[in-house]
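Results of the structural survey
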Amino acid sequence: MSLARELCLSQMIFEGDCLRIITTLNSTEACHTLFRYIIDELRCLSSSLVSSCFVHTRREGNNIAHSLA
């Protein structure tokens, strides 16, 4: 998200293979997990974009991201 802001991108689709995190990011409810601070920061950063959404992608469909990591 920080890279999207630095590149002045205003509309983003973020994909991830962890359904729990994607579901939590898409929820409007407060997060009470151990990773709540990360979720809160991601929500805050995404609110600075004109449009953003979080989409779950199966791990098998995310091979490029895993190769880059």
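Before reading further, recall that the structure is shown in the block above.
What counts and how
Residues numbered from 1 in each chain as written. Predicted model: local features only at pLDDT ≥ 70, side-chain atom pairs only at ≥ 80, totals over all residues. Heavy atoms only, no water. Buried < 20%, exposed > 50% of the residue type's maximum accessible area, 1.4 Å probe, protein only. Helix = DSSP H or I, 4+ residues; strand = E, 2+ residues; numbered from the N terminus. Arc of directions from axis to C-beta. Contact = heavy atoms within 4.5 Å. Axes fitted to C-alpha atoms, helices over the stretch in contact; angles between N-to-C directions. Parallel < 35°, antiparallel > 145°, perpendicular 65-115°, else oblique. Left-handed = near helix turned anticlockwise from the far one by under 90°. Nonpolar A, V, L, I, M, F, W, Y, C, P; charged D, E, K, R; others polar.

Observations regarding helix H2 (residues 19-26)
Within H2 the residues assigned to the buried category are Ile22, Thr24 and Leu25. The arc that holds the buried residues of H2, viewed along the axis, is 165°, so those residues lie on one side. Where H2 is buried, its residues contact strand E1 (11-16), helix H3 (36-47) and strand E2 (51-56).

Observations regarding the packing of H2 against H3
Relative orientation and spacing of two packed helices are given, respectively, by the angle between their axes and the distance between those axes. Where H2 contacts H3, the two axes come as close as 10 Å, and the packing angle between them is 55°. Of the possible angle classes, the one that applies to H2 and H3 is oblique. In this structure, the crossing between H2 and H3 has a hand that is right-handed. Where H2 abuts H3, its residues Ile21, Thr24 and Leu25 lie against Ile39, Leu42 and Arg43. Taken together, the residues of the contact of H2 with H3 sort by class into four nonpolar, one polar and one charged.

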